[in-house]
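Below are the chains, spelled out letter by letter.
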Amino acid sequence: MKPVKLVLLNAVFAGLLFSCSGSGDSDGEGTGDPNELVKVEGGKFKGGVLRVNSIEDYTSLFPVGINDVYSTHIAGNVYEGLFRFDQKTLETLPALAESFDIDNSKTKYTFNIRKGIKFHDDECFEGGKGREVTADDFKYCLEYVCSNHEANKWNSFFRGVIVGVEDYQSGKAKSVEGIKVVNDHTLEVKLEDPLASFPDMLALLATAVYPHEAIEKYGYEGMDEHMVGTGPFIPTEISNGKIVKFKRNENYWRVDEFGNKLPFLAQIEVSFIKDKKEELEAFKNDELDMVWGLPVEEIPNIMGSLEEAKEGKNKEFKIQSVNSLNIQYYGFRFTSETFKDINVRKAFNYAVDRDSLVEFVLDGEGVAAHNGFVPPMKSYPYESVKGFNYDPKLAKQFMAKAGYPNGKGFPELTLYLNKSGGVNVKIAEFITAMLKDNLGVKIKLETMPMSDLYPKVEAGELDFWRFGWIADYPDPATFLHLFHSSTNAESGDKANNYFGYSSEKFDATFEEALKEIDPEKRNKLYAAADQIIIDDAVIMPLMFTVGIRLINPELNDFDINEMEYRDMSVVYLKEREKSNVRVYDNIGGEEDEEYSEE
């Protein structure tokens, strides 16, 4: 693999303008116009409407029903839990847990719940007024995420982690033994074994708090489209595929370092433009304030020429970029007739030139996945995992060994995928052409929205599909848990092991890693588990993505990170300052980190 730099581009290019309404140069609430910007402490501004886009429809807005990034970005404005991530550093910080203690065994956590936190006003409450959050609410929600309820897609997440989850799921117990309410504002959670990443797991949206009254009134089906949380924004309009709108939660509990009440933004609007070029056009027309997933080849079109910039014919914008903790892969149904033979799975993996995919199809926007399933991340020995290099001769040998020389007799195959603005189709056309050239395999493409693709994969209806997986928290476990037999969807669980994969060796190695306290030893065990996945050719790892965002320069404190975790409560819009047009300013930023393989 070529050296790839991890660069945060805090560059200001010739670009586009977001127009802010109102001058607002004094403290106060202003006129009530949501577009008005009112200056507050620290040179920040309160007010403004942020307009963003989702390239895919959401699949659910109920925390335990969400396992895709598009739904997370919407529901994350409303819900919060015991912990949260820092948007800039991804450090895990207390949220509704004001503080917590761990006993000497490192298995018992005691959480002190913040007092005075209230759910958003909603008709599910008496008089429509949100009530105070208590430890009972967290017990209710944590038990929901530990349950076998059909709406819960995370039922294996705490299995083997929190004491008593297995008995609760089997019906032997009416509650989870390891989750106890001490008093109204104190919760105790007992683990099976020490787990260093447990606080990280409690920062996930799936563990967020919501009121039982909402479930009782709307049902879990209704919660797919109705949100009642404690977070910085309150939904005012929800229409999947059309628009989702939020307003500021005036009673939100957090303040910034200057004592300003969060959030700053008055409103957020989420649109659902599916075509990437249409999305970029909307940005050009001042209809959007951000584009996530900017194709590299579109950057010159967005920027305009240097001469135009000098003449003031185009306007300013910012580009942010980071190597993401996000893998793009093709999944095999491990138990299907098509892919039950490991020789077929290995043939497919060796037949694809990942370097050419990244270099020529994606114009360098990504890192070829030559090693394991886990992306390069801090302290993880990524390069120790030996993956698949391009070797068409070896690929042909494996295909012949499977009984399909030059693809003769191989069954008809369809690759199912979502368009994601068109880039997924472009990648699929390249890969299926290589599989045809090198293996003699013909593959049809069938596209569908992610909201349709997910249920089909979860139900085991598809043999071959495209998915991506972005880290839920910054630890290799968030990738590797997909392959544990306890998360096997074949067992009827609504879990993320869509492959039907089961390996005692993998399970034992992964479980040992989870229990290991020493970080270096734990990461070596993670890498060993990663190697088992690759040796069994469970999936076709393709590439690790580069996250690129195009944003307006008036958008501040919207830091990019490897997980595309968004904390909209700290984001604010700032009035434009008059300055000279700058082109390619500060490219390369501050800290460059290289990942390379000799």
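Residues numbered from 1 in each chain as written. Predicted model: local features only at pLDDT ≥ 70, side-chain atom pairs only at ≥ 80, totals over all residues. Heavy atoms only, no water.

(A) Local environment of the side chain of Q531. Within the fold, Q531 resides in helix α16 (residues 519-535). Of note is the side chain of Q531, whose polar atom sits 2.7 Å from the backbone nitrogen of K386. Leave out the neighbours within four places in its chain, and Q531 touches S384, V385 and K386. (Helix = DSSP H or I, 4+ residues; strand = E, 2+ residues; numbered from the N terminus. Polar contact = N/O pair within 3.5 Å; in protein donor to acceptor, adjacent residues only side chain to side chain. Contact = heavy atoms within 4.5 Å.)

(B) Here's a closer look at the packing of aromatic side chains. This structure, assessed with the given rule, holds 48 aromatic pairs. Ring plane angle 80° and centroid distance 6.0 Å describe the contact between F83 and F111, whose orientation is recorded as edge-to-face. Taken together, the residues F83 in strand β6 (residues 83-85) and F111 in strand β9 (residues 108-113) connect sequence positions 28 residues apart. Summarising the burial analysis for this pair, F83 and F111 share the class buried. Seen from the ring of F558, R549 lies directly overhead, with NZ or CZ sitting 3.9 Å from the centre. (Phe/Tyr/Trp six-rings, centres within 6.5 Å; stacked < 30°, edge-to-face > 60°. Buried < 20%, exposed > 50% of the residue type's maximum accessible area, 1.4 Å probe, protein only. Lys NZ or Arg CZ within 6 Å of the ring centre and 35° of its normal.)

(C) Spotlight on the sheet that holds β9. The strand order across the open sheet formed by four strands is β8-β9-β11-β10, and the pairing between neighbours is antiparallel. Both outer strands of the open sheet, β8 (97-102) and β10 (179-183), are each paired with one neighbouring strand and no more. Here the strands of the sheet are splayed against their neighbours by 20° on average, with no regard to which way each runs. Across five bridges, the pairing between β9 and strand β11 (residues 186-190) is antiparallel. Residue K108 lies in a different strand from β11, and its bridge partner there is K190. Docked against the sheet, helix α2 (residues 135-145) engages β9, β10 and β11, running at close to 175° with respect to β10. (Pairing = 2+ DSSP bridges. Axes fitted to C-alpha atoms, helices over the stretch in contact; angles between N-to-C directions.)

(D) Region of interest: unusual backbone geometry. Of note, the bond from L262 into P263 is cis; its omega dihedral lies within 30 degrees of zero at 0°. Looking at the element boundaries, P263 is found in the loop between β13 (243-248) and β14 (267-271). For L90, which is not glycine, the phi dihedral falls at a positive 65°. Along the chain, the position of L90 falls in the loop between β6 and β7 (92-94). Backbone geometry places D286, a non-glycine residue, at a positive phi of 65°. Counting through the fold element by element, D286 comes out in the loop between α6 (276-284) and β15 (290-292). Exposure remark for D286: the relative accessible area of 26% places this residue in the partly exposed category.

(E) Expanded view of the packing of helix α11 (residues 392-401) against helix α12 (residues 423-439). In the contact formed by α11 and α12, the axes pass within 9 Å of each other and the chain directions differ by 70°. It follows that α11 is roughly perpendicular to α12 by the angle criterion. Contacts between α11 and α12 involve P392, A395, K396 and M399 on the former and, on the latter, D437, N438 and L439. Here the residues of the contact of α11 with α12 sort into four nonpolar, one polar and two charged. (Parallel < 35°, antiparallel > 145°, perpendicular 65-115°, else oblique. Nonpolar A, V, L, I, M, F, W, Y, C, P; charged D, E, K, R; others polar.)

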